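Residue-level listing of the chains:
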Amino acid sequence: MNQVSLAVIGLTMGLAVGFNPTLISIISIYMASMIGRQTKKQYYTLAGLFLLIVFALLVLLIAGLLTTILSNLSLIYSDSINLLIAILGVITGTSLVRRYFWPKPLMNVPDSLKKALNYRTTKKTGIFNILYLALFLFFASLNTVGITLLLLSSYNVTLSSSVVVWSLPFAIGLIIPLYFIIVVITLGNKVSVVIAWKENNKNTMRLCSGLIIILLSWLQLLIIATGEIIVS
């Protein structure tokens, strides 16, 4: 698998998991809260873009940390961990696909987290609040963004490639859908319309994310099983 192929995989995975109902909801609520406080358009647009940049930088940092950790494992542990990551990817992807047919979640979000998010998106402003929200965005999307980073980091170790080759395209792909949400709201469209669109399509978003995570996981399992790189 060459560097271009790995970059394309990173960008594709980023776009797939970027259409994330949770991420779209948080960005939309954050924008709506600033509009409700009569914030100038220039300010809430810049605040939204800054949030995406910080989120992308956080993703790049975590990608680097994961790759460093996996790269420094001994050969025996590395093979076992890569296998576990691939299996975890299949399980997580299957869970996302399940919600297309049975939307009810297996676990509800704790009320404490909902209150914390509501406080940070509707009451607080400033740079430190944006940093907090970027962290919240990542932890709220562990079942998509987190597992994808693990899978791609595992790929990186298997292929002995540079982490920047896939992580930068992944981060860019991840924030593109969220950037368009900000653009749509900035152009004067009601946040309620964005939320309604998200509600109508959230199960399809989960299905697409689940399927592509399963595909990536099975490719990793195949590489581990055969010891060969399939795509050149």
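Please read these numbers as outputs of a predicted model, since none were measured by experiment.

What counts, and where the lines are drawn
Residues numbered from 1 in each chain as written. Predicted model: local features only at pLDDT ≥ 70, side-chain atom pairs only at ≥ 80, totals over all residues. Heavy atoms only, no water. Axes fitted to C-alpha atoms, helices over the stretch in contact; angles between N-to-C directions. Helix = DSSP H or I, 4+ residues; strand = E, 2+ residues; numbered from the N terminus. Parallel < 35°, antiparallel > 145°, perpendicular 65-115°, else oblique. Left-handed = near helix turned anticlockwise from the far one by under 90°. Contact = heavy atoms within 4.5 Å. Salt bridge = Lys/Arg side-chain N within 4 Å of Asp/Glu carboxyl O. Buried < 20%, exposed > 50% of the residue type's maximum accessible area, 1.4 Å probe, protein only.

Novice: Go over the packing of helix α1 (residues 3-18) against helix α8 (residues 163-186) with me, naming the residues and quoting the values.
Specialist: Running from N to C, α1 and α8 point in directions that differ by 25°, and their axes come no closer than 7 Å. Relative to α8, the element α1 is oriented roughly parallel. Crossing of α1 against α8: the hand is right-handed. Across the interface between the two elements, Q3, L6, A7, G10, L11, M13, G14, L15, V17 and G18 from α1 touch V165, W166, P169, F170, G173, L174, I176, P177 and L178 from α8.

Novice: Kindly report on the pattern of salt bridges, identifying the contributing residues and their values.
Specialist: Using the criterion set out here, one finds two salt bridges in the structure. A salt bridge links K198 to E199; the shortest N-O distance between them is 2.5 Å. For E199, a relative accessible area of 38% translates into the label partly exposed. Several salt bridges share partner residues, and in doing so they unite K198, E199 and K202 into one network.

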